[in-house]
Amino acid sequence: MIRAGKVKPWLYIAPVVILLSFFLIYPSIKTVILSFYGSNSQEFVGVKNYVFAFTNPTMVTAFRNNALWVFFFTALTVSFGLVLAVLLDRVAYESVAKSVIFLPMAISMVGASVIWKFVYAWRPPGIPQIGLLNRVVTFFGGEPIAWLIRKPWNNFFIIFVGVWIWTGFCMVVLSAAYKNIPRQLMESARVDGATEWQIFWHITLPLMRPTIAVVATTMVVFVLKIFDFVYVMTNGNYNTEVIANRMYKEMFKFQHFGRAGTLAVILLVLIIPVMIINIRRFRRQREIR
Amino acid sequence: MVKKSFSIVLIGLLLAGAMTIVGFAQDNKVSIAVTWSGEELEAFKKTVKIFEEDTGIDVTVESIGRDIATVLVTRVEGGNPPDVAAIPNPGQMEEFAKKGALVNIDKSIVEDHPQAFVDLATVNDNLYGVFLSADLKSLVWYNPKEFEKQGYKVPETWDELIDLSDQIVANGGTPWCIGLESGAASGWVGTDWIEDIMLRTAGPDMYDAWVNHEIEWTDAVVHRAWEKFGSIIKNPDYVFGGTTGALTTYFGDSPAGLFTDPPRCYMHRQATFIQSFIKDQYPDLVPGEDYDIFKFPPIDEEHGSPLLGAGDLVSAFTDTEETHKLMEFLASAEAQEVWVKELGKLAVNTNVSSEVYPDPITAKAAGILSEAETFRFDGSDLMPSAVGSGTLWTGVMDYVSGEDLTGVLKTIERSADEAY
């Protein structure tokens, strides 16, 4: 009986352990090992690939841009999502408005990048503009602007495309959390004479904090791996390179497995702390319950 | 019982297999490994069919694909090479030749080939390859009707080209349409420009040294070639839309400017293949009348007028009578006429009638090719991909978007240092 009690749990988790080690643990360890090898994984090169990753000028730009993405993309999607969740709760056509804002989520990221590449398109002055934005600009008598080329603003124009897609997702999740807040709390605050502004800052926001944190960390994990938008719109030219696009190039274009592995490891290391924060938060919440 | 009959079948299969292998080694058969597939493979099979009918020798065509160099290395080492194989480029042919894997071919079979192509397939005075066909990149496309209207003459030297460009600017026009945008491959159009200029300012030997990274990217000759390229592309009066226009225009859309009214530009430097883009966009234009080509002009007199492009090259690995016959056939005008006819490629044998070409422009390009003094393969294709389709492409984009040339060349040099 005792024996069975010791063996049984292992039997139960065995499939998961086997699958995880096969598809997750083994590849991760292998990637870490490969990151210390050369282009065809034959010769050991020590930390050479890591030196490359942190000193190559293009890589330095990629790190800077990933930082820009993490900060602005997360801040904008979460704050737009929050504002929309709270404001749309008060209007009669809430579901219509939410559907419209959520709609871009249905478009693939590559599709959205192609759409926005057209929106940002530039034609020389004097011939018809095919890009929506430059059409507007020239309509009001301005000179067409090369949105995707002008440094450093081009990064923000690409980040905006990401925000355009993901705001809907944040809004939906945050809206669900907002609707979970007991209305009595707000009612009693209003009775006590609190302004709507005070209610938002002192009741709504604190109560929504756990959800906001989850949404924000999800966005951070997602955006650290950002690839599609940059690959389609500029392919990293004009100082818009990001780590994942560089990883793709090293892997599939230059066939430098060592460097590609190194970049994968760096992304993994950057994502781990965020994951830990997320897991801790889940645990704490479970304890509260 | 079942087991026994199974082993009999197995032995039979093995025997049949062994016999096939023996069969291949028999007389009257020759095998050829090629990179082509689809349309090209069909055209090639059609070509060798004539050989089979004429000689009674059976040809086995094996389509191996782009990785042919790796496959060939393995098969040569295993002592089982094909009799003949298509080799991706002269550099790889030279490697095989130096290993002693290739068979010396009688030079008489390439008598009708331009010297440039014979030279390219020669290592230490021995001929190791035969060119079937080539593509040509050193071309400038223009609109002859507009040229006539404005009284412009086709330039024959670089100085005339610049004079013409200045004249067009003085008349209120824009001389060039350049489109560098090509999605994830953006920048390659510029590498072709730089290669063409390198050939004309540094000469073919220096060009080879540059491609093989025997000279540094920061070398003065490389710097000069980029600056010459910059003197056109970075001159906002010269290029339609200026540098931003060059950076954002898709290469396939870029020649369209020749045909607008009034023309957005008068000249467009691009390879033979761009004709298919022009035809797609303007199906009514008549090649030779509405658009035409001239050879990218020489720059430094001493280096003449070398041509840039790519070619289909075959080499022999076995020294049999059948192999030599096949090589002789592939070099002949008879074979090349069939091969180029449907593909729009340019035959290398100068006896190929210009009537086989689908339009006057392809025929004209073939004429330019047949007069080739020097021919070189597209260098960026020969460099390690981290350079040739990596830092070189991005370097072109960076340079055109305003970054300092020395810095750009240093970046490429650093990546080349690691990649070669």
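All values derive from a computational prediction rather than experimental measurement. (Residues numbered from 1 in each chain as written. Chains lettered and ligands numbered in written order. Predicted model: local features only at pLDDT ≥ 70, side-chain atom pairs only at ≥ 80, totals over all residues. Heavy atoms only, no water.)

### Focus on the overall build of chain B
Okay, step 1: Of regular secondary structure, chain B possesses 17 helices and twelve strands.
Okay, step 2: For a compact globule of 420 residues, the expected C-alpha radius of gyration is about 22 Å, and chain B comes in at 24 Å, within 12% of that figure.
Okay, step 3: Overall, chain B is about 90 × 50 × 50 Å in size when its C-alpha atoms are taken along their principal axes.
Okay, step 4: Taking the intrachain contacts of chain B between residues at least 6 apart in sequence as the baseline, contacts between residues at least 24 apart amount to 75%.
Okay, step 5: Here chain B has roughly 18100 Å² of accessible surface; of this, 49% comes from carbon and sulfur atoms.
Okay, step 6: Within chain B, the 68 negative side-chain charges are centred at a point lying 5 Å from the centre of the 30 positive side-chain charges. (Helix = DSSP H or I, 4+ residues; strand = E, 2+ residues; numbered from the N terminus. Rg over C-alpha atoms; globule rule 2.2 N^0.38 Å. Contact = heavy atoms within 4.5 Å. Areas by Shrake-Rupley, 256 points an atom, 1.4 Å probe, with all protein chains shown as cover. Lys, Arg positive; Asp, Glu negative; His and termini not counted. Charge placed at Lys NZ, Arg CZ, Asp CG, Glu CD.)

### With respect to the environment of Q150 of chain B
All names here are of chain B.
Okay, step 1: Structurally, the position occupied by Q150 is in helix 6 (residues 144–150).
Okay, step 2: Accessibility expressed as a relative area gives 33% for Q150, which makes it partly exposed.
Okay, step 3: Sequence separation between Q150 and R264 is 114 residues, and the spatial gap between their C-alpha atoms is 14 Å.
Okay, step 4: The residues touching Q150, leaving out its near neighbours within four places in the chain, are N171 and Y266. (Buried < 20%, exposed > 50% of the residue type's maximum accessible area, 1.4 Å probe, protein only.)

### Focus on the side chain of T217 of chain A
Residues and elements named next belong to chain A.
Okay, step 1: Positionally, T217 belongs in helix 9 (residues 196–224).
Okay, step 2: With relative accessibility at 11%, the residue T217 sits in the buried group.
Okay, step 3: In terms of polar contacts, T217 uses its side chain to reach the backbone carbonyl oxygen of V214, at 2.9 Å.
Okay, step 4: Each residue touching T217, except ones within four places of it in the same chain, is listed here: V274 and N278. (Polar contact = N/O pair within 3.5 Å; in protein donor to acceptor, adjacent residues only side chain to side chain.)

### Some details on the pattern of salt bridges
Charged atoms that come close allow side chains of opposite charge to pair.
Okay, step 1: Going through the model one piece at a time under the given rule, you end up with 28 salt bridges over all chains.
Okay, step 2: In this structure, D89 of chain A and R183 of chain A form a salt bridge, with 3.3 Å as the shortest nitrogen-oxygen distance. Taken together, the residues span a long stretch of sequence, with D89 of chain A in the loop between helix 3 (57–88) and helix 4 (94–102) and R183 of chain A in helix 8 (residues 183–191) at a distance of 94 residues.
Okay, step 3: A salt bridge links R75 of chain B to E62 of chain B, with the shortest nitrogen-to-oxygen separation between them at 3.2 Å. Taken together, the residues span a long stretch of sequence, with R75 of chain B in helix 3 (residues 68–77) and E62 of chain B in strand 2 (residues 58–63) at a distance of 13 residues.
Okay, step 4: Judged by relative accessible area, E62 of chain B falls into the partly exposed class, the value being 33%.
Okay, step 5: Each of D89, E94, K98, K179 and R183 of chain A takes part in a single network of salt bridges with overlapping partners. (Salt bridge = Lys/Arg side-chain N within 4 Å of Asp/Glu carboxyl O.)

### Description of the packing of aromatic side chains
Okay, step 1: This model, assessed by the stated rule, comprises 54 aromatic pairs over all chains.
Okay, step 2: Ring centres of F117 of chain B and F375 of chain B lie 4.4 Å apart, and the angle between their planes is 35°; on these two criteria the pair is classed as tilted. Taken together, the positions of F117 of chain B in helix 5 (residues 115–120) and F375 of chain B in strand 12 (residues 375–377) put the pair 258 residues apart, joining distant regions of the chain. Note on accessibility: F117 of chain B and F375 of chain B belong to one class, buried.
Okay, step 3: Each ring, one from F273 of chain B and one from F277 of chain B, has its centre 6.1 Å from the other, and the planes form 70°; the classification is edge-to-face.
Okay, step 4: By relative accessible area, F277 of chain B is classed as partly exposed at 24%.
Okay, step 5: Joined through ring pairs, the aromatic side chains of W69, F73, W166, F169, F222 and F229 of chain A make up one cluster.
Okay, step 6: For the cation-ring pair, R269 of chain B lies above F296 of chain B, with the distance from its terminal atom to the ring centre recorded as 5.7 Å. (Phe/Tyr/Trp six-rings, centres within 6.5 Å; stacked < 30°, edge-to-face > 60°. Lys NZ or Arg CZ within 6 Å of the ring centre and 35° of its normal.)

### Remarks on a nonpolar patch on the surface
All names here are of chain A.
Okay, step 1: On the surface, V16, L20, L24, I25, I29 and I33 cluster together into a nonpolar patch covering about 530 Å² of accessible area.
Okay, step 2: Counting through the fold element by element, V16 comes out in helix 1 (residues 2–34).
Okay, step 3: Looking at V16, the relative accessible area reads 48%, which means it is partly exposed. (Patch = residues over 30% accessible without salt bridge, like charges linked within 9 Å, V, L, I, M, F, W, Y side chains within 5 Å.)

### Side note on the side chain of H113 of chain B
Residues and elements named next belong to chain B.
Okay, step 1: Here H113 is to be found in the loop between helix 4 (90–99) and helix 5.
Okay, step 2: On the basis of relative accessible area, H113 is assigned to the buried category, the value being 8%.
Okay, step 3: Setting aside residues no more than four positions away along its own chain, H113 makes contact with V118, V130, F131, A331, Q336, V348 and N349.

### Thoughts on the pairing of strand 6 (residues 130–136) of chain B
Residues and elements named next belong to chain B.
Okay, step 1: Most of strand 6 is tucked away: six of the seven residues are buried.
Okay, step 2: In this structure, strand 6 lies alongside strand 10 (residues 307–316), joined through six bridges in antiparallel fashion. Opposite D135, over in strand 10, you have A310 as the bridge partner.
Okay, step 3: Sheet analysis places strand 6 next to strand 11 (residues 346–347), joined by two bridges and oriented antiparallel. Paired with S133 across the strands is A347, a residue of strand 11. (Pairing = 2+ DSSP bridges.)

### As for a positive patch on the surface
Okay, step 1: Residues R280, R283, R284 and R286 of chain A make up a contiguous surface patch of positive charge.
Okay, step 2: Position of R286 of chain A among the secondary structure elements: in helix 12 (residues 257–288).

### Considering the interface of chain A and chain B
Okay, step 1: In this assembly, 17 residues from chain A lie in contact with 22 residues from chain B.
Okay, step 2: Overall, the association of chain A and chain B removes approximately 1700 Å² of surface from exposure, summing both partners, and the carbon and sulfur fraction of that is 55%.
Okay, step 3: Remark: the boundary between chain A and chain B carries three salt bridges.
Okay, step 4: When the shortest N-O distance is used, the salt bridge between E403 of chain B and K151 of chain A registers 3.2 Å. (Buried area = accessible area lost by both parts, 1.4 Å probe.)

### Notes on the sheet that holds strand 7 (residues 139–142) of chain B
All names here are of chain B.
Okay, step 1: Taking strand neighbours across the sheet as the criterion, the three strands line up as 8-7-9 in an open arrangement whose pairing is antiparallel. Pairing within the sheet leaves two strands with one partner each, and these edge strands are strand 8 (267–269) and strand 9 (292–295). The sheet shows a mean angle of 30° between the axes of neighbouring strands, taken without regard to direction.
Okay, step 2: Inspection of the sheet shows strand 7 paired to strand 8 by three bridges, in the antiparallel sense. By the bridge assignment for strand 8, Y142 is matched with M267. (Axes fitted to C-alpha atoms, helices over the stretch in contact; angles between N-to-C directions.)

### Focus: a negative patch on the surface
Okay, step 1: A cluster of acidic residues, E156, D159, E160, D163 and D166 of chain B, forms a negative patch at the surface.
Okay, step 2: Position of D163 of chain B among the secondary structure elements: in helix 7 (residues 158–170).

### Comments concerning the domain arrangement of chain B
Residue and element names in this part refer to chain B.
Okay, step 1: Its domain assignment divides chain B into domain 1 (27–135 + 311–369) and domain 2 (139–305 + 383–419).
Okay, step 2: The centre of domain 1, based on its C-alpha atoms, is set 31 Å off from the matching centre of domain 2.
Okay, step 3: Both sides of the domain 1 and domain 2 interface together cover about 770 Å² of buried area, and 69% of this is carbon and sulfur.
Okay, step 4: Broken down residue by residue, the surface that domain 1 buries against domain 2 is led by I361, K364 and I368, which jointly contribute 63%. (Domains from an automatic or database assignment.)

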